[in-house]
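Working through the structure, step by step
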Amino acid sequence: MSSARPGDGEAPAGSRDWGKITAIATAVGTLLAGIAALVSIFTYGSSSPARGTASGPPSQAGAEPSASRETGPAASEDSGPPDPSADPSADPSTTSPPPAAPTTPRKPPTARTAQFDLVESYGFSLNDDPLRPGETGAEGQGFEVHWDDFFNALEADQGAKLIKDGSKSLADCKKATRFEDSLNEYLPVKGDRFCVISATGAVGLVEVTDLEPGTYFGLKVPPPPAPEPAAS
């Protein structure tokens, strides 16, 4: 009876290892093939168009929104005028100014007779309102009539003229033509009158109410007549 030798009936060790490697490689290949199949399925599903919709070029980033999504004034043009009750400021009645109250025309001021004392280096003009004497400049100018202490006379200036011919009314002053530039301060006496014709056409009849030669003249200037109404 023969005895069995070691290793009889068993495959060699090298062939067993090679079989394991082959089995592992086969399993890995099968796994990779499965993974590739799953990737292709997901990729195809995400890139294919949705069912029931027309295929077309993919939308681009930054493309203009559709008209149905527009906002702003263009989208609300057809919505009609705003409701005034929703916005009180849109109601014209709240923004319209109130009607202006009727104004009453002002009456012109009542003309008054001017009466004052005129001293050296002072003067007056017919159009002054109120008519009061004022101090003249360094050369004595600045008024239509002033008292010049150097020439001892009432001097006309600013284009005005003086008339000393016994005129007793404004009508006389308007008709007179004996124009003078000065009146000697020692010639007038109390009660005398002289005319002043300004460059603007104003006419004044000045009365000497009092005087002290070399000191002052008391003068009275009646108001000019009211303008005549225009002919209709």
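Residues numbered from 1 in each chain as written. Predicted model: local features only at pLDDT ≥ 70, side-chain atom pairs only at ≥ 80, totals over all residues. Heavy atoms only, no water.

1. Quick look at unusual backbone geometry
Peptide bonds are, in most cases, trans, and in most cases residues other than glycine have a negative phi. Pro130 follows Asp129 through a cis peptide bond whose omega is 0°. Inspection of the secondary structure assignment puts Pro130 in the loop between β2 (122–124) and β3 (134–135). (Helix = DSSP H or I, 4+ residues; strand = E, 2+ residues; numbered from the N terminus.)

2. Thoughts on the packing of aromatic side chains
Inspection of the entire model under this criterion finds 3 aromatic pairs. Taken together, a centroid distance of 5.4 Å and an interplanar angle of 65° make the contact between Phe116 and Phe124 edge-to-face. Taking the relative accessible area as the measure of exposure, Phe116 reaches 5% and is therefore buried. Relative to Phe151, the ring of Phe150 lies with its centre 5.0 Å away and its plane at 85°, an arrangement referred to as edge-to-face. (Phe/Tyr/Trp six-rings, centres within 6.5 Å; stacked < 30°, edge-to-face > 60°. Buried < 20%, exposed > 50% of the residue type's maximum accessible area, 1.4 Å probe, protein only.)

3. A short note on the nonpolar core
Counting residues in hydrophobic clusters, the biggest one holds 19 residues, and the most contacted among them are Phe124, Phe194 and Leu219. Setting aside residues up to four positions removed in sequence, Phe194 forms contacts with Leu154, Leu162, Ile163, Lys164, Leu183, Gly204, Leu205, Val206, Val208 and Leu219. (Core = buried A, V, L, I, M, F, W, Y, C linked by side-chain atoms within 4.5 Å. Contact = heavy atoms within 4.5 Å.)

4. As for the sheet that holds β3
Taken in spatial order, the 5 strands make up an open sheet running β3-β2-β4-β5-β8, and their pairing is antiparallel. Only two strands of the sheet have a single neighbouring strand rather than two, namely β3 and β8 (182–184). Where strand β4 (residues 145–148) lies against strand β5 (residues 153–156), 4 bridges are found, and the strand directions are antiparallel. Paired with His146 across the strands is Glu155, a residue of β5. (Pairing = 2+ DSSP bridges.)

5. What to know about the state of the cysteines
Applying the stated criterion to the full structure yields 1 disulfide. The disulfide that involves Cys173 links it to Cys195, with 2.0 Å between the sulfurs. Classification of the bridge connecting Cys173 and Cys195 rests on its S-S torsion, roughly -75°, and on that basis the disulfide is left-handed. Taken together, the residues Cys173 in helix α3 (residues 170–175) and Cys195 in strand β9 (residues 193–197) connect sequence positions 22 residues apart. On the basis of relative accessible area, Cys195 is assigned to the buried category, the value being 0%. (Disulfide = S-S within 2.5 Å.)

6. Here we look at the sheet that holds strand β11 (residues 216–221)
With antiparallel pairing, 6 strands are arranged side by side in an open sheet as β1-β11-β10-β9-β6-β7. Among the strands making up the open sheet, the edge pair consists of β1 (114–119) and β7 (179–180). Here strand β6 (residues 161–163) pairs with β9 via 3 bridges, running antiparallel. Counted as the bridge partner of Ile163 is Cys195 from β9.

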